[in-house]
Amino acid sequence: MRLSRTNGTFNIGVHATANESLAFTSPDVDDLFLRDLEEALGVKPYKTTLAGSHVVGSLMAMNSRGAIVSGLAESSEIQIIEKEIPVVLLPDYLNAAGNNVLINDNGAVVNPEMPDEVVNEIERVLNVEVVKSAIAGCNTVGSVCRCSNKGCVCSIDATDDDIEILKEVLKVPEVQRTTVNHGSKYVGSGVIANSKGALVGDKTTPIEMGRLEDGLMLY
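(A) Focus on the state of the cysteines. Under the counting rule described, the total for this entry stands at zero disulfides. Its sulfur unpaired, Cys138 is 8.5 Å from the next cysteine sulfur, which belongs to Cys145. In this structure Cys145 is not part of a disulfide, and its nearest cysteine sulfur, from Cys152, lies 5.0 Å away.

(B) Inspection of the sheet that holds strand β10 (residues 129-132) at higher detail. One open sheet holds the three strands; their spatial order is β8-β9-β10, and the pairing between them is mixed. Every other strand in the sheet has two partners, leaving β8 (101-103) and β10 as the edge strands with one partner each. Averaged over all pairs of adjacent strands, the angle between strand axes in this sheet comes to 20°, irrespective of strand direction. Pairing geometry for β8 and strand β9 (residues 107-110), over three bridges, is antiparallel. Looking across to β9, one finds that Val101 is bridged to Val110. Each of β8, β9 and β10 touches helix α5 (residues 116-126); the most contacted strand, β10, lies at about 150° to it. Where helix α7 (residues 160-170) meets the sheet, it contacts β8, β9 and β10, and its direction lies at approximately 140° from that of β9.

(C) Representation of the side chain of Ser133 in the model. Locating Ser133 in the fold gives a position in the loop between β10 and α6 (141-144). Apart from residues no more than four positions distant in its own chain, Ser133 is found in contact with Val109, Val110, Pro112, Val141 and Ile165.

(D) Region of interest: the environment of Gly210. Inspection of the secondary structure assignment puts Gly210 in helix α9 (residues 206-215). When the C-alpha atoms of Gly210 and Val128 are compared, they prove to be 29 Å apart, with 82 residues separating the residues in sequence.

(E) The arrangement of the side chain of Ser70 in detail. Position of Ser70 among the secondary structure elements: in the loop between β6 (67-69) and α3 (75-82). Setting aside residues up to four positions removed in sequence, Ser70 forms contacts with Leu59, Leu89, Leu90, Asn95 and Ala97.

(F) Molecular detail of the sheet that holds strand β14 (residues 191-194). Within the open sheet, the three strands sit side by side as β1-β15-β14. Their pairing is mixed. Of all strands in the sheet, those with a lone pairing partner are β1 (2-5) and β14, marking the two edges. On average, adjacent strands in this sheet sit at an angle of 10° to one another, irrespective of strand direction. Relative to strand β15 (residues 197-200), β1 runs parallel, the two being bridged by four bridges.

Cut-off values and rules
Residues numbered from 1 in each chain as written. Predicted model: local features only at pLDDT ≥ 70, side-chain atom pairs only at ≥ 80, totals over all residues. Heavy atoms only, no water. Disulfide = S-S within 2.5 Å. Pairing = 2+ DSSP bridges. Helix = DSSP H or I, 4+ residues; strand = E, 2+ residues; numbered from the N terminus. Axes fitted to C-alpha atoms, helices over the stretch in contact; angles between N-to-C directions. Contact = heavy atoms within 4.5 Å.

Shown next, in the form of structure tokens:
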């Protein structure tokens, strides 16, 4: 298992997302970033846009069974993803799936404003329990947390009740409060992770890396 820092990039969670075996990234990431992603997480990366945008990590969330994608995605983009994994589309007004959904293979915490019919579809396709909840006072739970099948890290503003929700729904033994990229509370923007490793933004400090390693249980 490996925790690695990128070279020259800090908001990496905005531009890419991963599960246990594959990752989707914006088409403009360089070869060094792709190499870091492959080595740290042991995944096969695929380049694509979403809704014509390069913020793929903000517009997509996934586990090993499926991907939740912005409802604004174009059919050609969806086809690229569906070749590898089933897709659930979000309504336009909640189109930032990476920000509105925190998911692993065990469960999902989603924006409290998520419609029940979408929650039901996520449960069906991705085969997880889905719970609506804000975390650290933020409805966009994916922007302030990052999880794997082994652990979770979240904003330093998360309450004890938030921590218990994350542990119970994601079924992980460890949840660690932290910042990334030298003080950012938006943990999801600075980390890409699975159970095999994690890649963090290049401004992340050694102290933050220690907390990330503990929370994601990368031993």
